[in-house]
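# Structural description and commentary
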Amino acid sequence: MRSLIVAGNWKMNASVKMTDALLSQLSNNAVQGVQQVVFPPAAYLSQAIKCLKDTAIKVGGQTCSEHEQGAYTGDISAAMLKDIGCEWALVGHSERRAYSLESDEQVLAKTQRLLEQSMTAVVCVGETLQERQQGQAFQQVKQQLKLLIEQLTENQWQRVVIAYEPVWAIGTGETASPVQAQEMHAFIRSELAAVSEQTAEQTHILYGGSVKAANAQELFAQPDIDGGLIGGASLDATEFLAISGS
Ligand code: PGA
């Protein structure tokens, strides 16, 4: 039985004051039976780790370098994230694929760097509106998963979480219907069977894209949806807590 994961992707939204306020509300309202994770901007990771040190809430980076170390100005390595106390990181979020042109090869390399540090990688996949309209949604997601499925071992998959985030549903207020989301999650799980039946069965697959308290319950009730990756609504403690309790 897969437990529920509710993760908050703050994107480029935070301040010292906001981080303290939001995280103190989360830590004062522990939600049982769900793994909560927050992904603040890099500048606030150490602060977040300090705020949450006596809680079960995990902290993760929003990305990491595909390289181990060296002359990569502005980048942060998986080892550095681990060093400051992060156990998780996002990889291949659609905004990074779109604006930083992250390729599937880079997504694989970043995932490998995280796994070398025994961290958990939340790898994001999802089709654009155009791809969905052209009937290519499943093909696109299959392509984004291909290298990971080919290259990662069954053992490594134990630290990989997939987040299905249709690009057309991110920050738009438009959510995939529970039926649409379930259909894609079941497809992703069937692809993972190429690694092993156990990997397919045990890998957490989160849904992301305009999840809020009002729609979380219905989405999380789907058999192949194991929680959510929450953007906008994760900046509001009340919403994030309500989603976590869904
Ligand atoms: P959203 O973002 O919840 O604001 O749509 C989700 C995400 O990009 O992870």
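Here's a quick rundown of the structure. These figures come from a predicted structure and were not determined experimentally. (Residues numbered from 1 in each chain as written. Predicted model: local features only at pLDDT ≥ 70, side-chain atom pairs only at ≥ 80, totals over all residues. Heavy atoms only, no water.)

## As for the packing of aromatic side chains
Our working definition: What counts as a ring pair is set by centres within 6.5 Å for rings of Phe, Tyr and Trp (its six-membered ring), and what kind of pair is set by the plane angle: stacked under 30 degrees, edge-to-face over 60, tilted for all other angles. Here a strand is any run of E in DSSP of at least two residues, a helix any run of H or I of at least four, and the numbering for each starts at the N terminus. Summary of the burial criterion: residues with accessible area below 20% of their type's maximum are buried, those above 50% are exposed, and those between are partly exposed, where the area comes from a 1.4 Å probe applied to protein chains only.
Summed over the entire model, instances satisfying the criterion amount to two aromatic pairs. For the pair phenylalanine 138 and phenylalanine 187, a centre-to-centre distance of 5.1 Å together with 85° between the ring planes defines the contact as edge-to-face. Taken as a pair, phenylalanine 138 in helix α7 (residues 137-151) and phenylalanine 187 in helix α9 (residues 178-192) lie far apart in primary sequence, 49 residues in all. Residue class for phenylalanine 138 comes out partly exposed when judged on its relative accessible area of 27%. Exposure remark for phenylalanine 187: the relative accessible area of 18% places this residue in the buried category.

## Regarding the site of the ligand
Which entries qualify depends on this criterion: When we say a residue is near a molecule or strand, we mean one of its heavy atoms is within 4 Å of it. Within 3.5 Å is the distance limit for a polar contact, defined as a pair of N or O atoms, with the added protein rule that one can donate a hydrogen and the other accept it, and that residues adjacent in sequence qualify only through two side-chain atoms. Each accessible area is a Shrake-Rupley result for a 1.4 Å probe, and residues are judged covered by the shown protein chains and nothing else. In this classification, Asp, Glu, Lys and Arg are treated as charged, Ala, Val, Leu, Ile, Met, Phe, Trp, Tyr, Cys and Pro as nonpolar, and every other residue, Gly included, as polar.
The ligand sits among 13 residues. The nearest are Lys11, His93, Glu165, Gly171 and Ser210. In the model, an oxygen atom of the ligand is placed 2.7 Å from a nitrogen or oxygen of the histidine 93 side chain. For the ligand, an oxygen atom lies 2.8 Å from a polar atom in the backbone of serine 210. Within the complex, the protein chains bury 95% of what would otherwise be the 280 Å² of accessible surface of the ligand. A breakdown of the residues in the shell around the ligand according to their chemical character gives four nonpolar, seven polar and two charged.

## A word on unusual backbone geometry
A positive phi angle is found at lysine 11, which is not glycine, with a value near 55°. Looking at the element boundaries, lysine 11 is found in the loop between β1 (4-9) and α1 (16-27). In this structure, serine 118 is a non-glycine residue whose phi angle is positive, near 60°. Here serine 118 is to be found in the loop between α5 (104-116) and β5 (120-125).

## A closer look at the layout of surface pockets
Put simply, the test is: Cavities and pockets were defined on a 1 Å grid built over protein atoms only: a cavity is a set of grid points that admits a 1.4 Å probe from which the probe cannot escape, a pocket is an open set flanked by protein on both sides within 12 Å along at least five of seven lines, and lining residues are those with an atom within 4 Å of any such point. Grid points are joined across faces, edges and corners, and a volume is the space filled by probe spheres set on the points.
A volume near 610 Å³ is recorded for the largest pocket. Taken together, 27 residues make up the lining of the largest pocket; nearest its centre are Gln62, Thr63, Arg96, Ser100 and Glu102. At the level of secondary structure, the elements contributing two or more residues to the lining of the largest pocket comprise α4 (94-99) and α5. A total of three residues in the lining of the largest pocket trace back to one element, the largest contributor, which is α4. Each residue belonging to the lining of the largest pocket can be placed in one class, and the counts come to 10 nonpolar, 10 polar and seven charged. What the second largest pocket holds in volume is close to 230 Å³. In terms of lining residues, the second largest pocket is bounded by 15 residues, among which Trp157, Gln158, Gln202, Thr203 and His204 are the most central. Secondary-structure elements contributing two or more residues to the lining of the second largest pocket are α8 (154-157), β6 (160-164) and α10 (197-202). The element contributing the most residues to the lining of the second largest pocket is α10, with three residues. Of the residues in the lining of the second largest pocket, the class split is five nonpolar, eight polar and two charged.

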